[in-house]
Amino acid sequence: MARGKLRIYLGAAPGVGKTYAMLSEAHRRVERGTDCVVAFVEHHGRSRTEVMLHGLEQVPRKEIEYRGSVFTEMDVDAVLARRPQVALVDELPHTNVPGSRNAKRWQDVEELLAAGIDVISTVNIQHLESLGDVVESITGVRQQETVPDEIVRRADQIELVDMSPQALRRRMAHGNIYKPDKVDAALSNYFRPGNLTALRELALLWVADRVDAYLTEYRSEHRVSTIWGSRERIVVGLTGGPEGRTLIRRAARLAEKGAGGEVLAVYISRSDGLTSASPKELAVQRTLVEDLGGTFHHVVGDDIPAALLDFARGVNATQIVLGVSRRRSWQYVFGPGVGATVARDSGPDLDVHLITHDEAGKGRGLPVAARGARLGRARLIWGWLAGIAGPLLLTWLLSSVVPDIGLANDMLLFLTMTVAAALLGGLFPALASAVVGSALLNWYFTPPVHTWTIADPKNIVAIAVFFGVAVSVASVVDLAARRTHQAARLRAESEILSFLAGNVLRGETTLEALLDRVRETFGMESAALLERENDVAPWTCAGSVGPRPCTTPDAADVDVPVGDHLTLALSGRVLPAEDRRVLAAFAAQAAVVLDRQRLQQKADEAKALAEGNRIRTALLAAVSHDLRTPLAGIKAAVTSLRSDDVEWSAADQAEFLEAIEEGADRLDHLVGNLLDMSRLQTGTVTPIIRETDLDEVIPMALGGVPEDSVDLDIPETLPMVDVDRGLLERSVANVVENAVKYSPPGEPVLVSASAIADRVEVRVVDRGPGVPDEAKSRIFEPFQRYGDSPRGAGVGLGLAVARGFAEAIGGTLNAEDTPGGGLTMVLTLPTAPQRRPEEPDRASVVGT
C-alpha cells in the first residue's frame, strides 16, 4: 500500500491563520470531488474558524474519561475505518490524554499515513524540537509539547502561513484570537512585537533551509551542473597563508549585503606540493569562519582551479573570493595562476572577486624541488621535447652558428640538455636524450665526422663516459623528483589525517558527520558504512550521507573493508590506489565511531540500570525501619484489640484504633512517595497542562497537615498559571509537610504567592533550624535526611519528589534562607498567557 502524503501549514505564532488555511484547502478539495474529512480540528472559540467547519464531514471524536473528567481526542480507529482520501488533523505536536491510542498526535498521523491516507496538519515554529532552546531564550518559556524535526522535514509539502507582527497584534486586539479578558495579558507578554518578529524570522529561515534542501536534492537527482543563483553562496579559496583571514572577513561582509548569504571556506590539498599550508594557520582560519557563521571544507584535488570550480558548482555557489597571487612577476612564466584560471573558467554564473592583501607579490616562498615534484602530462611532453628535439636543435646551433668549439665543450652542452630533459620529464626522456646526444656527437662532432667510426680511441672513452654520466644524472634527478612527490603526497595525507583527528577532538564524532567529511574530502557523491552479521547475511546500512547511497559493496565505485563484516562504500568516481591509504584511515575511524556510539548507548542503558539498582538498594535500606515501624504499631494495636485476656475500655479501644489509623496514614504517605519517586526515575510522569487558579490547588494540598499549622496568603488578583493540577498539588503538599515537620511548636508555616514578570512564585516559609548553603542542593536528592532527623521522619523522598514534579510542569523549586532564621522554599511557576494560549484545557495526570 502506498504511503499517504503529508502537508503541513507552518506558522510563527498562534493566530496567524494555519487552521483557517487548512480548512480553506479542504473546501477546495471537496469542491474538486476529493473525499476529505475532519479528523480533528480545534477552533478555540474563534467564530471565523468555526464557520469554516460547516460543510465538511467530521469524524466523531473519541471520549476518554480521566480523573473524573471526560476529554475528547481524535479517534484513530474511526478514521481508519472511514478511510478517506484526505484527513485534516490540527495541532501536530499535541499530547494525547492518557488512555489514547498513542502518546502524541504526530504518532496518530504516522498511522494514518502508513494506511495510505493523505493528511493535512498544522504546526507552530516554536514546537519544533530543535528550536526549543532558541524559543525559550526569546520568550522565556520552555515549550513542553514538541514534534521531532524529522517528522516535519519528511512532509511532502510545507506551506508557510505568514503574518506581520503588527497585523497579528491587530487581530488580537479585535478579539479574533482570544477572549477579551485575555487580550491585554497576551499583548503585553507572549505577543510582544519583539517576540513575534523573532519567531517570524525563525519560521522564515527554517522554511528557507528546507527549500534549499529540496533544491539541492533536485539538482543532484537531475544532475544539474549550472549555477542557480537562488541565494548568495560565497566560496572562499584558502591557500593556508595568512591572507586567508582577510579573505574570510571580506566574504563575510559580502554575505551580509544579501539576505540569507552563506560563506563556505575551502582549502584544497594538492598532492604535488604546490601549496604549503600551516596546520596551525588553517585551524585559526577554520575557527574564524565558524565564528562568522560560515563553514570550513577540506578537499583533495590535483588541479586546484578545477577542484575549486567543481566545489563551487557542487554547492550552487554564486561568488568566489580569492586572494591576489603571491607570485612575483617572473614567476608568471610558469602559468597564469589560480586566480586568473578560475576567473577565465568560471563562466557567466559565477562572479570571481580577487582581493588584495599584504602578501600579494611577495613570492610563494616554496622550494624549487617542490614546484617540480609531480611529473604531470605537460611536464612529460616538455621532457620528451627537450630529450629529442633539444639535441637536434643544439646540433644545428653548434654546426651553423658556433662551430669548432671543441669536442669537450660539445659534450658538456649535450650533457646539459640531458639534465634539462631529466628535470622536466624524468628518467625516460633523459635516457632518450643521452642516446640521441651520443649518436649526434659521434656523427657530427667526432673525427672522422659524418661516419659512425671513431678514429681516436680517447674519443670512444669520452663518448662512453658522456653516456654513463648522462644516464646517472637522469636517474638521480628522476629519483629525487619521485621522492619529492612522495613526500608532498604524504604531507597532504598527514594534513587530512590531522584534520580528521581535529574533528574527533572537537566533538565531530557522529557517524554521519564523519561520512560527510569522507564524501567531501574525496569528492564523492555518497558514502555509506555497511555491515552484516556473518558472511552469508545480507548487508545493512549503519549510516550514510549523500543521494542514492550504496546498499552493497558490489554497487560501490570504491569499497574499503574494515574487519570481516564492515565495509566503507563510496560512489561517484574511482579513486587512485594511492588515495586508499587515507581512505582506509577514514574507514577505520568510522568503525571506531560506530563502536563508540553503540558503546555509549549501552553505557547509557547500563547507567540507567545502575541508577535503578542504586535507587532500589537505597529504597530497601531506607524502608527497612520506616516501613516496619508503622506496621509494628498496627500489628500491636490489632493484636491487643483481638486479645481475649484483657477487657479493654472504650477509651483504650479508641486509642488503639487511632494508632492503627495513624500507622496506616504513615504507610500511605510513605508508599505514595516511593511510587512517585519511581515514576520520576523511570520518566513515566506525563504532565497535562491547563490554565489553573492557585486558589483551587494550594488549599487542597494542605489536607495532610494540622489545621492551625499553616497561614495562607494567596491574593485573588494573581494571574492564572499553566501547570498540571495534580502534580502541582503533590509538589506543594510535600514541601508544606516538610516545613511543618521542622517548624517549632506554635510557629505556623506561611504559604504565600506573588506575580513577578512572567511567572508566579509560591513561597513556603518556616522558622525551623534552617539548612546551610552547602547542604541546600543535597536536600533535594532521594533518600536524604538533613541533620539528626529521627528514623520515623520518613525515607527522605518528599523534597526530591516535589522538585521532580515542579520541573515536570515547567517550574523550579529552590531553597533560600528565611530572614531571621529558617528555610524558605520558592516554587516558580509559568503564567498561563506565555505558554500555549491556543490549546484547550486538559486534565492533569501522573504517568503510570
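Keep in mind it's a predicted model, so treat the numbers as computed, not measured.

A.B. asks: For this particular structure, what's the right way to read the overall build of the protein chain?
C.D. replies: Helix and strand counts for the protein chain come out as 25 helices and 24 strands. Looking at the 848 residues of the protein chain, the share that counts as buried comes to 46%. Long-range contacts, defined as pairs at least 24 residues apart, comprise 72% of the intrachain contacts of the protein chain with a sequence gap of at least 6. Element-wise, carbon and sulfur atoms account for 55% of the exposed surface of the protein chain, whose accessible area totals about 41,400 Å².

A.B. asks: I'm lost on the nonpolar core in this one. Help?
C.D. replies: Nonpolar side chains in soluble globular proteins tend to be buried together. Ranked by internal contacts, the top residues of the largest apolar core, which has 42 residues, are Leu-694, Leu-728, Val-736, Met-825 and Leu-829. Elements with a contribution of two residues or more to this core: helix 23 (694–701), strand 20 (721–723), helix 24 (725–742), strand 21 (749–756), strand 22 (759–765), helix 25 (798–808), strand 23 (812–817) and strand 24 (823–830). Looking at this core element by element, the count peaks at eight residues for helix 24. Not counting residues up to four positions away in its chain, the partners in contact with Leu-728 are Leu-694, Val-697, Val-723, Ile-809, Leu-827 and Leu-829. With 35 residues, the next largest nonpolar core counts Leu-6, Val-37, Leu-131 and Ala-203 among its residues.

A.B. asks: Looking at this structure, how should I read the pattern of salt bridges?
C.D. replies: A complete count under the given rule lists 22 salt bridges for this structure. Linking Arg-82 and Glu-57 is a salt bridge whose minimum nitrogen-to-oxygen distance equals 2.9 Å. Note that Arg-82 is positioned in helix 3 (residues 76–82) and Glu-57 in strand 3 (residues 57–58), a separation of 25 residues in sequence. Measuring nitrogen to oxygen at the nearest pair gives 3.1 Å for the salt bridge that ties Arg-105 to Glu-73. Taken together, the residues Arg-105 in helix 4 (residues 105–114) and Glu-73 in strand 5 (residues 69–73) connect sequence positions 32 residues apart.

A.B. asks: Is there a simple way to explain unusual backbone geometry in this structure?
C.D. replies: Leave glycine aside and you will find that most residues have negative phi; peptide bonds, for their part, are mostly trans. With phi around 50°, Arg-83 is a residue other than glycine that occupies positive phi space. Within the secondary structure, Arg-83 is located in the loop between helix 3 and strand 6 (86–89). Accessibility expressed as a relative area gives 41% for Arg-83, which makes it partly exposed. Although it is not a glycine, Glu-91 sits at a positive phi angle of roughly 55°. Structurally, Glu-91 is set in the loop between strand 6 and helix 4.

A.B. asks: I keep staring at the sheet that holds strand 21 and nothing clicks. Help me out?
C.D. replies: Two pairing modes exist for strands in a sheet, parallel and antiparallel, and in both the strands are linked by backbone hydrogen bonds. Judged by pairing direction, the sheet is mixed, and its five strands sit side by side in the order 19-21-22-24-23 without closing on themselves. Since the sheet does not close on itself, it has two edges, and those belong to strand 19 (710–713) and strand 23, each with one partner. Strand-to-strand, the axes of this sheet are offset by a mean angle of 20°, without reference to chain direction. With six bridges joining them, strand 23 and strand 24 adopt antiparallel strand pairing. The residue of strand 24 that forms the bridge with Thr-812 is Thr-828. Of the strands in this sheet, strand 19, strand 21, strand 22, strand 23 and strand 24 are in contact with helix 24, which crosses strand 24 at around 170°.

A.B. asks: Is there a simple way to explain the packing of helix 23 against helix 24 in this structure?
C.D. replies: How two helices sit against one another is set out by the angle between their axes and by the gap between those axes. Helix 24 packs onto helix 23 with a crossing angle of 45° between their chain directions and a minimal axis gap of 8 Å. In terms of orientation, helix 23 and helix 24 fall into the oblique class. Here the hand of the crossing between helix 23 and helix 24 comes out right-handed. Contacts between helix 23 and helix 24 involve Leu-694, Glu-696, Val-697, Met-700 and Ala-701 from the former and Arg-725, Leu-728, Glu-729, Val-732 and Ala-733 from the latter. Here the residues of the contact of helix 23 with helix 24 sort into seven nonpolar, no polar and three charged.

A.B. asks: Help me out: how do you make sense of the packing of helix 24 against helix 25 in this one?
C.D. replies: Interhelical geometry of helix 24 versus helix 25 gives an angle of 150° and a closest axis separation of 8 Å. By the criterion of interaxial angle, the relationship of helix 24 to helix 25 is roughly antiparallel. In this structure, the crossing between helix 24 and helix 25 has a hand that is left-handed. For the pair helix 24 and helix 25, the contacting residues are Leu-727, Arg-730, Ser-731, Asn-734, Val-735 and Asn-738 in the first and Gly-798, Leu-799, Val-801, Ala-802, Phe-805, Ala-806 and Ala-808 in the second.

A.B. asks: In this structure, what is going on with the environment of His-54? I would like to understand it.
C.D. replies: Mapped onto the fold, His-54 is located in the loop between helix 2 (47–52) and strand 3. Given the relative accessible area of 54%, His-54 is considered exposed. Along the chain, His-54 and Leu-23 lie 31 residues apart, while their C-alpha atoms are 9.8 Å from each other.

A.B. asks: In this structure, what is going on with the side chain of Asn-96? I would like to understand it.
C.D. replies: Its place among the elements puts Asn-96 in the loop between strand 6 and helix 4. Residue classification places Asn-96 among the buried residues on the basis of a relative accessible area of 4%. Polar side-chain contacts of Asn-96 include one of 2.9 Å to the backbone oxygen of Asn-102. The contacts of Asn-96, once residues within four sequence positions are left out, are Glu-73, Asn-102, Ala-103, Lys-104, Arg-105, Asp-108 and Ile-688.

A.B. asks: Quick question: what am I supposed to make of helix 12 (residues 304–314) here?
C.D. replies: Residues three or four positions apart in an α-helix share a direction because the helix packs 3.6 residues into each turn. Listing the buried residues of helix 12 in full gives Ile-304, Pro-305, Ala-307, Leu-308, Leu-309, Phe-311 and Ala-312. For helix 12, the secondary structure elements touched by its buried residues are strand 9 (233–238), strand 10 (262–269), strand 11 (295–300), strand 12 (319–323) and helix 13 (338–345). Asn-316 sits one or two positions beyond helix 12 and adopts a positive phi of about 60°.

Reading guide: rules and limits
Residues numbered from 1 in each chain as written. Predicted model: local features only at pLDDT ≥ 70, side-chain atom pairs only at ≥ 80, totals over all residues. Heavy atoms only, no water. Helix = DSSP H or I, 4+ residues; strand = E, 2+ residues; numbered from the N terminus. Buried < 20%, exposed > 50% of the residue type's maximum accessible area, 1.4 Å probe, protein only. Contact = heavy atoms within 4.5 Å. Areas by Shrake-Rupley, 256 points an atom, 1.4 Å probe, with all protein chains shown as cover. Core = buried A, V, L, I, M, F, W, Y, C linked by side-chain atoms within 4.5 Å. Salt bridge = Lys/Arg side-chain N within 4 Å of Asp/Glu carboxyl O. Pairing = 2+ DSSP bridges. Axes fitted to C-alpha atoms, helices over the stretch in contact; angles between N-to-C directions. Parallel < 35°, antiparallel > 145°, perpendicular 65-115°, else oblique. Left-handed = near helix turned anticlockwise from the far one by under 90°. Nonpolar A, V, L, I, M, F, W, Y, C, P; charged D, E, K, R; others polar. Polar contact = N/O pair within 3.5 Å; in protein donor to acceptor, adjacent residues only side chain to side chain.

Treat this as a map of the structure, not an account of what it does.
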